[in-house]
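Below are the chains, spelled out letter by letter.
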Amino acid sequence: MTDLSTLPSRPRHIVRRDLLKLAAGAAAVSIAAAWGLSLPVLAQRKKAAGPSEVPVEELMKPGPLPDLVLGKDDAPITIVEYASMTCGHCASFHNKVLPALKQKYIDTGKVRLIMREFPLDNLAAAASMVARCAGGEKTFPLISALFAKQDEWAFVKGDPRPELFKFAKQAGFTQESFDKCLADQKLLDDITAVRKHATDAFGVSSTPTFFINGKKLAGGSLEDFEKAFAPILKS
């Protein structure tokens, strides 16, 4: 049980948000069996910060899944983002920061963004699976839709599948193809492998985590990104 007495000075909406996250995590564990998935136990966030810089060659090595990429391959700056679909800070980045980054840097060929899965719970893994199953040009729009309306499916009471399916239908899923996607154990294993490699090789322990040309970004505001971009774009 969460001891609410440890949170006396926190704003009410933040306490509610944290409780919703706890509830979502508990629900995700219970629905795993219903979905027929053999989900691994995902470790809790670690306190260790991990290295401030990782080898670019290792960071860019192909994994079990194709990278989800926005931008040109020859962009001088590559952002690697590790994100969880049920992470509120990840949603904030995708909803508030990414549109400006895309317009100013990605669409102009200066920056490439690679998004990789780092699910913090079973429901996040399921959402990532659905985004992957959408395929091709439908994947990023579905990710964007899920982040934009995160409260409508990630923190609902009871079984979240019907709410998740509402968004999947917009990407062309039928109930049959939706259920088939969530039963794809190999896809789940591959997503889990991406997460494990991020932890083992790069010290990733929370989301979102950003690497800019191999250097971990402290923060996640537009100003933080632009400060990191400046010396690279000037060189």
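First things first, this report covers the structure right here in the doc. (Residues numbered from 1 in each chain as written. Predicted model: local features only at pLDDT ≥ 70, side-chain atom pairs only at ≥ 80, totals over all residues. Heavy atoms only, no water.)

**Notes on the overall build of the protein**
Tallying secondary structure elements over the protein gives ten helices and five strands in all. Classification of the 235 residues of the protein by burial places 43% in the buried group. For the protein, long-range pairs separated by at least 24 residues make up 79% of all intrachain contacts whose partners lie at least 6 apart in sequence. (Helix = DSSP H or I, 4+ residues; strand = E, 2+ residues; numbered from the N terminus. Buried < 20%, exposed > 50% of the residue type's maximum accessible area, 1.4 Å probe, protein only. Contact = heavy atoms within 4.5 Å.)

**Regarding the packing of helix α4 (residues 122-134) against helix α8 (residues 175-182)**
Where α4 contacts α8, the two axes come as close as 9 Å, and the packing angle between them is 120°. Taken together, α4 and α8 sit at an angle that is classed as oblique. Between α4 and α8 lies a crossing whose hand is right-handed. In contact with Ala126, Met129, Val130 and Cys133 of α4, α8 contributes Phe178, Cys181 and Leu182. (Axes fitted to C-alpha atoms, helices over the stretch in contact; angles between N-to-C directions. Parallel < 35°, antiparallel > 145°, perpendicular 65-115°, else oblique. Left-handed = near helix turned anticlockwise from the far one by under 90°.)

**Quick notes on helix α7 (residues 161-170)**
Within the sequence span of α7, burial applies to Leu164, Phe165, Phe167 and Ala168. All buried residues of α7 fall inside an arc of 160° around its axis, so they share one side. Counted as exposed and oriented over 90 degrees from the buried face of α7: Lys169 and Gln170. Looking at the buried residues of α7, the elements they touch are α4, α5 (139-148), α6 (150-153) and α8. (Arc of directions from axis to C-beta.)

**As for the state of the cysteines**
Evaluation of the coordinates by the stated rule reveals one disulfide. Covalently, Cys133 is tied to Cys181 through a disulfide, its sulfur atoms 2.1 Å apart. As the torsion about the S-S bond is roughly 90°, the Cys133-Cys181 disulfide counts as right-handed. Residue Cys133 is located in helix α4, and its partner Cys181 is located in helix α8; the two are separated by 48 residues in the primary sequence. Owing to a relative accessible area of 31%, Cys133 belongs among the partly exposed residues under this scheme. Judged by its relative accessible area of 3%, Cys181 is buried. (Disulfide = S-S within 2.5 Å.)

**Remarks on the environment of Leu68**
Tracing the backbone through its elements, the reader meets Leu68 in strand β1 (residues 68-70). Exposure remark for Leu68: the relative accessible area of 10% places this residue in the buried category. Each C-alpha atom, one on Leu68 and one on Arg132, is 9.1 Å from the other, the two residues being 64 residues apart in sequence. In this structure, Leu68 is in contact with Leu113, Ile114, Met115, Glu117, Arg132, Thr139, Phe140 and Ile143, ignoring residues within four places of it in sequence.

**Observations regarding the pairing of strand β2 (residues 77-83)**
Among the seven residues in β2, seven count as buried, and that is most of the element. On β2, burial covers both faces: Ile77, Ile79, Glu81 and Ala83 on one face and Thr78, Val80 and Tyr82 on the other are all buried. By the bridge criterion, seven bridges tie β2 to strand β3 (residues 111-117) in an arrangement that is parallel. Across the sheet, Ala83 pairs through a bridge with Glu117, a residue of β3. What joins β2 to β3 is helix α3 (residues 88-106), and the crossover it makes is right-handed. (Pairing = 2+ DSSP bridges. Right-handed = clockwise from strand over helix to strand, strands pointing away.)

**Some points on the sheet that holds β3**
Strand pairing in a sheet is mediated by backbone hydrogen bonds. Such pairs are either parallel or antiparallel. Taking strand neighbours across the sheet as the criterion, the five strands line up as β1-β3-β2-β4-β5 in an open arrangement whose pairing is mixed. Either end of the sheet is taken by a strand with one partner, and the two such strands are β1 and β5 (215-216). Relative to β3, β1 runs antiparallel, the two sharing three bridges. In the strand pairing of β3, Val69 is matched with Ile114. Sheet strands in contact with α3 are β1, β2, β3 and β4 (209-212), and its direction is about 155° off that of β3. Against the sheet, helix α9 (residues 185-202) engages β2, β3 and β4, with an angle of about 110° to β3.

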